[in-house]
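A structural walkthrough
Here is how the chains run, residue by residue.
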Amino acid sequence: MLRRLRISNLVLIEDAELELHPGLNAITGETGAGKTILASAFGLLLGARGDRTLIGAAGDEAYVEAEFDTAPDELLGALADLRPEGEDVPVLARRVFADGRTRAYAWGRAAAREDVAAAAEALIAMSGQFEQRRLARPAYLLELLDRYAGVETDEARASWRRAQAARRRHEALTEDASAAEARMAELRALAEDTDGLEPDREDDLRAQRERLRHVTELAAGAAGGAAALAPDDGEGASDLIATAERALQPVEHLAPELQAAGDVLRQAELQLRETASELRGFLASLDAEPGRLEQVEGELDRLADLRRRFRAETLAELIERGDAARAELAELDGGRNPAEAAAAELEAAERDLARVHGQLTVARTAAADGLAAAVAVELAGLGLGDGEFRVEMEPREPPGPSGADEAVFLIRPNAGLPFAPVSETASGGELSRIALALAAVAGGETLVFDEIDAGVGGTTAHAVADTLRRLAEHAQVVTITHLPPIASAADRHFRVEKAVGDPTRTHIEPLDEPQRGDELERMLGGAEFLATLERR
């Protein structure tokens, strides 16, 4: 989930930090107070273009940062290589400069905007223009169907990679003699360059790099600790304990308690002196490696270059391919026909891939009607016509890592109109409600709704609030709203309001229960308006 959202000098928001609830978070405020700035903050993280108009009056740049709960490397994509050692919490950010340029960051390290946006989109689903973009992507629609069906694609992806590798080997051996010669050269290089590599070597090197990058802090800490325990000049902790022990020694025989205290002091002095010696040994080891950081960086670069060169996603995959290369070379030395072996391997790999893809197709086809029916019920409750919704399965050509299928989501917002893809037929508010219906049925991650209440009121507003409440039981939801039923359903409520006497600054604050009651009263029309209703 999204733990914190930090905003600095973004339009009217000078400085804000939102600690978000794992359930339903509502953001409300007067029209013009700056609620849409929050949507802009999420948009920047998701890759929206930045310009100087986003920069507030408090400085010459704007900054947005999101801190998430733990996330696996596959969700972070290309950013996974930037993850600091031992850091499980993803931190993504965008900065907008006065000239309109922007920079993207992961854990404070500069990163490509596209990579940060891809990681953010894997962790946050935002309605509006971003939902339109997601719903236009066949891969995302298939992911929703798989999530609803409980389908896992790990086996299909592994089978697809094996088939691709087998196809490359077969093509290299059958195209022509020069290709076969190049294939042999690649096998020998792969076998030689991966000889002796261990699967955890890259992780060990990254750990060493982190240690060496902080050698100054490590040295200062160890030196300070050693000096405090047993300095070269003056008294340290061990000397003070020795003084205490000497004071007790002449009288220890007079009382068992004093003897026990003396034993503790003698043991403590010994341990402290040993610890001081270990700290000094640690300092010496740091001094003995002046060029080690450069060596570690060089070896990491070499391993990364090997992975790129031999088209391996991980070091473990590279080592596995190296083992396969050595086995193939051994077979060649034994007189086995490499082209025939490659053809047999390709046939087996494609047969296995067809089997896995077939299983996926059966599971998806069986789930498509159920997903469509469940979404239709949600849409009808959310005020989208009769909620007519279809999920159609089509073959994907060529098949990919996630299978041989494509899912098409179709909607008919008004009776008499033809069914059409949801990304082409729905307005911003309708897209938000479609996204809500899909998430309520298929689940989701962190979902941000900006236009969920567009054109909504009356009983539909209560239906939207109820759906959001149900969704928030198994996903994190952030909604920017002006509807009291939605705000009243929130687990955490934030209010956006302009600073008193300064229209250029906006505050965002979490509300306690009394403040929340005041805000809901304001959203309902204020005390005076409610009083007139009571008089009627």
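Here's what I pulled together on the structure shown here. (Residues numbered from 1 in each chain as written. Predicted model: local features only at pLDDT ≥ 70, side-chain atom pairs only at ≥ 80, totals over all residues. Heavy atoms only, no water.)

1. Here we look at the overall build of the protein chain
Worth spelling out the cut-off: Segments assigned H or I by DSSP are reported as helices when at least four residues long, segments assigned E as strands when at least two residues long, and all are numbered from the N terminus. Taken over C-alpha atoms, the radius of gyration is set against a globule rule of 2.2 Å times the number of residues to the power 0.38. Buried residues are those whose accessible area, probed at 1.4 Å on protein chains only, stays under 20% of the maximum for their type, while exposed residues exceed 50% and partly exposed ones sit between those limits. Throughout, a contact is declared for two residues whenever any of their heavy atoms are within 4.5 Å. Only four residue types enter the charge count, namely Lys and Arg as positive and Asp and Glu as negative; His and the chain termini do not. The location of each charge is read from NZ of Lys, CZ of Arg, CG of Asp or CD of Glu.
Each helix and strand counted, the protein chain has 20 helices and 15 strands in total. The C-alpha radius of gyration computed for the protein chain amounts to 31 Å, which surpasses the reference 24 Å derived for 536 residues by more than 25%, pointing to a less compact arrangement than a globule. Its C-alpha atoms put the protein chain at 95 × 85 × 55 Å along the principal axes. Residues classed as buried in the protein chain amount to 44% of the 536 residues present. If you take every contact in the protein chain between residues at least 6 apart in sequence, the share linking residues at least 24 apart comes to 68%. Of the charged side chains in the protein chain, 60 are positive and 100 negative; the average position of the first set lies 3 Å away from that of the second.

2. Looking at helix α19 (residues 513–523)
Test applied: By construction, the arc corresponds to the directions joining the helix axis to the C-beta atoms. Pairs of N or O atoms are called polar contacts if they sit within 3.5 Å, as long as, within protein, a hydrogen donor faces a hydrogen acceptor (for residues adjacent in sequence, only side-chain-to-side-chain pairs).
Listed in full, the buried residues belonging to α19 are R516, E519, L520 and M523. The buried residues of α19 occupy an angular sector of 100° when projected down its axis, which confines them to one face. Those residues of α19 hidden inside the fold are in contact with β3 (24–29), α18 (484–488) and β14 (492–499). Between a side-chain oxygen at the N-terminus of α19 and the backbone nitrogen of Q515 the separation is 2.9 Å; the capping residue is D512. Once α19 finishes, G525 follows within two positions and takes phi at roughly 120°, a positive value.

3. So, unusual backbone geometry
Here the amide bond leading from E397 into P398 is cis, since omega sits at -10°, within 30 degrees of zero. If you trace the backbone, P398 turns up in strand β9 (residues 388–400). Although it is not a glycine, V11 adopts a positive phi angle of roughly 55°. Structurally, V11 is set in the loop between β1 (2–10) and β2 (13–19).

4. Points about the pattern of salt bridges
Working definition: two side chains of opposite charge can pair if their charged atoms are close together. The criterion, for reference: Salt bridge, as applied in this entry: a Lys or Arg side-chain nitrogen positioned within 4 Å of an Asp or Glu carboxyl oxygen.
What the rule picks out here adds up to 45 salt bridges. A salt bridge links E17 to R6, with the shortest nitrogen-to-oxygen separation between them at 3.5 Å. With E17 in strand β2 and R6 in strand β1, this pair connects stretches of sequence that are 11 residues apart. Between R311 and E186 there is a salt bridge, with the nearest N and O atoms lying 3.2 Å from each other. Remark: E186 occurs in helix α7 (residues 177–193) and R311 occurs in the loop between α12 (292–309) and α13 (315–333); sequence separation between them is 125 residues. Overlapping salt bridges, with partners in common, bring together R3, R4, R6, E17, E19, E65, E67 and D69 in one network.

5. Some points on a negative patch on the surface
Put simply, the rule is: Any residue with relative accessible area above 30% and no salt bridge may belong to a patch, with like charges joined within 9 Å and the nonpolar Val, Leu, Ile, Met, Phe, Trp and Tyr side chains within 5 Å. For the accessible areas, the method is Shrake-Rupley and the probe is 1.4 Å, while residue cover comes only from the protein chains on display.
A grouping of E85, E198, D200 and D204 is seen on the molecular surface, where their side chains present a negatively charged patch. With respect to the helices and strands, the residue E198 is situated in the loop between α7 and α8 (201–213). The partly exposed category is assigned to E198, whose relative accessible area is 47%.

6. What about the nonpolar core?
As a reminder of what qualifies: Working definition of a nonpolar core: buried Ala, Val, Leu, Ile, Met, Phe, Trp, Tyr and Cys residues. They are joined through side-chain atoms within 4.5 Å.
Counting 49 residues, the largest nonpolar core has F389, F409 and F449 as its most contacted members. Elements with a contribution of two residues or more to this core: β3, α5 (138–149), α14 (338–381), β9, β10 (403–412), α16 (428–442), β12 (446–449) and α17 (458–471). Sort the elements by how many residues they give to this core and α16 lands first, with 9 residues. One finds L44, I55, A71 and I124 within the second-largest nonpolar core, a separate group that totals 48 residues.

7. Observations regarding the packing of aromatic side chains
For clarity, the cut-off: Only Phe, Tyr and Trp rings are paired, with Trp represented by its six-membered ring, and only when their centres lie within 6.5 Å; those with planes under 30 degrees apart are stacked, over 60 edge-to-face, the remainder tilted. We call a charge positioned over a ring when the NZ of a Lys or the CZ of an Arg lies within 6 Å of the ring centre and within 35 degrees of the ring normal.
All told, the structure shown has 1 aromatic pair when counted by the stated rule. Ring plane angle 70° and centroid distance 5.7 Å describe the contact between F389 and F409, whose orientation is recorded as edge-to-face. Here the residue F389 occupies a position in strand β9, and F409 occupies one in strand β10, the gap between them amounting to 20 residues. Of the two residues, F389 and F409, both sit in the buried class. Stacked on the ring of F97, the Lys or Arg R101 has its end atom at 4.9 Å from the ring centre.

8. What to know about the packing of α8 against α12
Angle between the axes and distance between the axes: these two values describe a pair of packed helices. Convention followed: Lines fitted to C-alpha atoms define the axes here, with helix axes fitted over just the stretch in contact, and angles between the N-to-C directions of these axes take values from 0 to 180 degrees. By definition, turning the near helix anticlockwise from the far helix through less than a right angle yields a left-handed crossing, and turning it clockwise yields a right-handed one. When residue character is reported, Ala, Val, Leu, Ile, Met, Phe, Trp, Tyr, Cys and Pro are called nonpolar, Asp, Glu, Lys and Arg charged, and the others, Gly included, polar.
Two numbers describe how α8 lies on α12: the axes approach to 9 Å, and their chain directions differ by 145°. Seen along the crossing, α8 lies across α12 with a hand that is left-handed. Note on element contacts: α12 touches α8 through R292, L293, V296, E297, E299, L300, L303, A304 and R307, opposite R201, E202, L205, R206, Q208, R209, L212 and R213. Taken together, the residues of the contact of α8 with α12 break down into 7 nonpolar, 1 polar and 9 charged.

9. Brief notes about the side chain of R94
Position of R94 relative to the elements: it lies in strand β5 (residues 91–97). It turns out R94 is buried and unbridged, and the closest side chain with the opposite charge, E114, is 9.1 Å from it. Of the polar contacts made by the side chain of R94, one reaches the backbone oxygen of L44; its length is 2.6 Å. Not counting chain neighbours up to four residues away, the residues in contact with R94 comprise L44, L45, G47, A48, G50, A62, Y63, V64, T102, R103, A104 and R113.

10. Description of the sheet that holds strand β11 (residues 420–421)
The strands making up a sheet are joined through hydrogen bonds of the backbone, oriented either antiparallel or parallel. To be explicit about the condition: The rule for pairing is simple: two strands pair if DSSP sees at least two bridges between them.
Spatial ordering of the open sheet is given by β9-β10-β11, a layout of 3 strands whose pairing is antiparallel. In this open sheet, the two edge strands, each paired with only one partner strand, are β9 and β11. Pairing analysis gives 9 bridges linking β9 to β10, with the strands arranged antiparallel. Bridging across to β10, P395 finds its partner in D405. On the sheet, α5 packs against β9 and β10 and is oriented at approximately 90° with respect to β10.

11. Section: helix α10 (residues 237–248)
Inclusion rule: To estimate the expected span of a helix, subtract one from its residue number and multiply by 1.5 Å.
Across its 12 residues, α10 extends 17 Å between first and last C-alpha, which sits within 8% of the 16 Å expected from 1.5 Å per residue. When α10 is considered as a whole, its buried residues turn out to be S238, D239, I241, A242, E245 and L248.

12. Here we look at the environment of D405
In this structure, D405 sits in strand β10. On the basis of relative accessible area, D405 is assigned to the buried category, the value being 6%. When the C-alpha atoms of D405 and V64 are compared, they prove to be 38 Å apart, with 341 residues separating the residues in sequence. A distance of 2.9 Å separates the side chain of D405 from the side chain of R364, its partner in a polar contact.

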